[in-house]
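The primary structure of each chain is shown beneath.
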Amino acid sequence: MESQIKKIHQQLVSKEITCTALVQGKLDLLQQNTYNSVNSTLDVLALELAAKVDAKIANGETIGLLEGIPFGIKDVYMLQGTYTTASSDLLKNYKSPYTATAIQKLLDAGAIPLVKENCDSFGHGSSSENTIFGAVKNAVNPELVAGGSSGGSAVNVAKEYTVFSIGGDTGGSIRQPAGYNHIYGFKPTYGRVSRYGLMAYASSTDCVGPLAKSIEDVRIVLNVMSGKDPKDQTSIVSNEISEESIETSNVKTVGYFKNFIESEAIDAKVKADFLAAIEKIRAKGIEVKELDFFKSDILVSTYYTLAMAETASNLSRLDGTNYGNRIEGENLIDTYAVTRSENFSEERNAELLVETKYYLKVFPKEYI
Amino acid sequence: MSKIMTVDILSSIKGAQPSESVNKLFDVIKNASSNNNPSNNVNYNCVSVSDLREDVVVESSAMEKQLILENFPNKKNGFLVVAKVIEG
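Parameters and conventions
Residues numbered from 1 in each chain as written. Chains lettered and ligands numbered in written order. Predicted model: local features only at pLDDT ≥ 70, side-chain atom pairs only at ≥ 80, totals over all residues. Helix = DSSP H or I, 4+ residues; strand = E, 2+ residues; numbered from the N terminus. Buried ≥ 20, exposed ≤ 12 C-beta atoms within 10 Å, placed from the backbone. Pairing = 2+ DSSP bridges. Contact = placed C-beta atoms within 7 Å. Axes fitted to C-alpha atoms, helices over the stretch in contact; angles between N-to-C directions. pLDDT = per-residue confidence, 0-100. Domains from an automatic or database assignment. Nonpolar A, V, L, I, M, F, W, Y, C, P; charged D, E, K, R; others polar. Core = buried A, V, L, I, M, F, W, Y, C linked by C-beta atoms within 7 Å.

Student: I tried to follow the overall build of chain B on my own but got confused; where do I start?
Tutor: Across its full length, chain B carries three helices and two strands. Listing each helix as α and each strand as β along chain B from the N terminus yields α-α-α-β-β. Counting the 88 residues in chain B, one finds 2% classified as buried.

Student: Looking at this structure, I do not really get the sheet that holds strand S6 (residues 207-212) of chain A. What am I missing?
Tutor: Consider a sheet: its strands pair through backbone hydrogen bonds, and that pairing is either parallel or antiparallel. All names here are of chain A. Strand order across the open sheet formed by six strands is S1-S3-S2-S4-S6-S5, with mixed pairing between neighbours. Two strands in the sheet have a free side with no partner beyond their single neighbour: strand S1 (38-41) and strand S5 (184-185). Looking at chain direction, strand S2 (residues 70-74) and strand S4 (residues 164-169) are connected through three bridges and run parallel. Across the sheet, Gly72 pairs through a bridge with Ser165, a residue of S4. Where helix H5 (residues 151-158) meets the sheet, its contacts fall on S1, S2, strand S3 (112-117), S4, S5 and S6, and the angle it forms with S4 comes to roughly 155 degrees.

Student: It is not clear to me how the confidence of the model for chain A should be interpreted in this structure. Could you clarify?
Tutor: Parts of the prediction with low pLDDT should not have their coordinates interpreted in detail. Averaged over every residue, the pLDDT of chain A is 91; residues scoring 70 or more account for 92%. Here residues 364-368 of chain A is a poorly scored stretch, pLDDT under 50, and it has three contacts once near neighbours within four places are set aside; other chains count.

Student: Help me understand the domain arrangement of chain A, please; the structure alone is not making it clear to me.
Tutor: Accessible area lost during the coming together of the parts is what is often quoted as the interface size. Residue and element names in this part refer to chain A. In terms of domains, chain A is made up of domain 1 (4-247) and domain 2 (259-368). On a C-alpha basis, the centres of domain 1 and domain 2 stand 23 Å from each other. On the domain 2 side, the residues contacting the 16 residues of domain 1 number 17 residues. Across the side of domain 1 that touches domain 2, the residue classes break down as seven nonpolar, eight polar and one charged.

Student: Help me understand the nonpolar core in this model?
Tutor: As a rule of thumb, nonpolar side chains are buried together in soluble globular proteins. Residues and elements named next belong to chain A. Counting 77 residues, the largest nonpolar core has Phe71, Tyr77, Ile112, Leu114, Ala154 and Leu211 as the members making the most contacts within it. The leading source of residues in this core is helix H7 (residues 215-225), at six residues. Three or more residues apiece are contributed to this core by two domains, here domain 1 (4-247) and domain 2 (259-368).

Student: Looking at this structure, how should I read the environment of Ala55(A)?
Tutor: Tracing the backbone shows Ala55(A) in helix H3 (residues 43-58). With 122 residues separating them along the chain, Ala55(A) and Pro177(A) place their C-alpha atoms 37 Å apart.

Student: Looking at this model, I keep getting lost on helix H4 (residues 101-108) of chain A. Mind explaining?
Tutor: Residues spaced three or four apart along an α-helix face the same direction, because each turn holds 3.6 residues. Residues and elements named next belong to chain A. Listed in full, the buried residues belonging to H4 are Thr101, Ala102, Ile103, Lys105 and Leu106. The inward-facing, buried residues of H4 abut S2, S4, S6 and H7. Gly110 occupies a position one or two residues after H4 and carries a positive phi of about 95 degrees.

Put into structure tokens, the structure is as follows:
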């Protein structure tokens, strides 16, 4: 598909549409939607920004490529003054005190935030069912799940309620829902986009990335968000990706994980489709290498060991002390216990138990 | 699931049997090469110690302070009320 960003930019510049009408139209669609993809809409802010873009165009000023382009934000990103619930009970009334770097860069480029999008609570899940806002329905077939955790973002892009959305990917949370809803989702190299202002899941693998209907839109948004940020010391300097470099790709070798394809757990059709795609790549003259890492069950346990241990640490701050829904107990420890038991879902509590178990194994003295 | 985790439950976690796959994983980590080869910098994306920024105190904006206050769970007569402390 062609770039939606470039198409809408042209429509705005040629005065075929006004930015206000564009934003209002998308807000109406978001509010009426039956896919549970929306946690809250940002009507006042969005329409205010749209009016400014219209005024600029009316004055004959040039506008940037992203100026006036409406986008969505997974509800785990800070945007100052807006509710950032992480689709959780604990933070259902939490307002962002500051704005995430990636989102700020998009705002600086003139993009217009429309919506905080539904997802699995704190990004923990792969179906967008683990949320207080109702399970997100698949854009292609509403009888199916949207995937997750960035399910709301994927559905909003697929239904064209947003031109692009910003998701978060730790273990597939952008790529998997993008696939389920037939759009593009990209997990960049770790550190390429600052994580400042993203609610942490597993800090060593969390990545900020775009979901869009074309590769060109993914490229445009990624370039704007990329860059070293003093507020995230794991962020890195990166080069801009040019349109030409994608069109005239000189990729010579592609690798894939043979262990996952050999796993008995994989669906036969998924396996066949994957191998067919590999053949298409090979037919283009690109060398395809089977990569042989250790067994897939060990890989999965590696991921869960790291992710669970890190998330136990990251979620420890959610104890009702400084924010969230505090439930007073008889003493401080009791307050922590009751607040966390009441506010985390049963699934989350079960996961925390597993996480604590890993920690006890690795750091017994510190955690006992 | 019980609302409060009892000591019994916590003790049972402490005494849980080690998992074979987790042990295998630790072996893999222990035996992994540290990848310090300077020529292998294709995916060089870690931050060196000398590249870390200085610790700086950044004053929050008035709006940020206001929102932090709004998020505080309990207030009384203009004061932020903290949870009960443990005595003794």
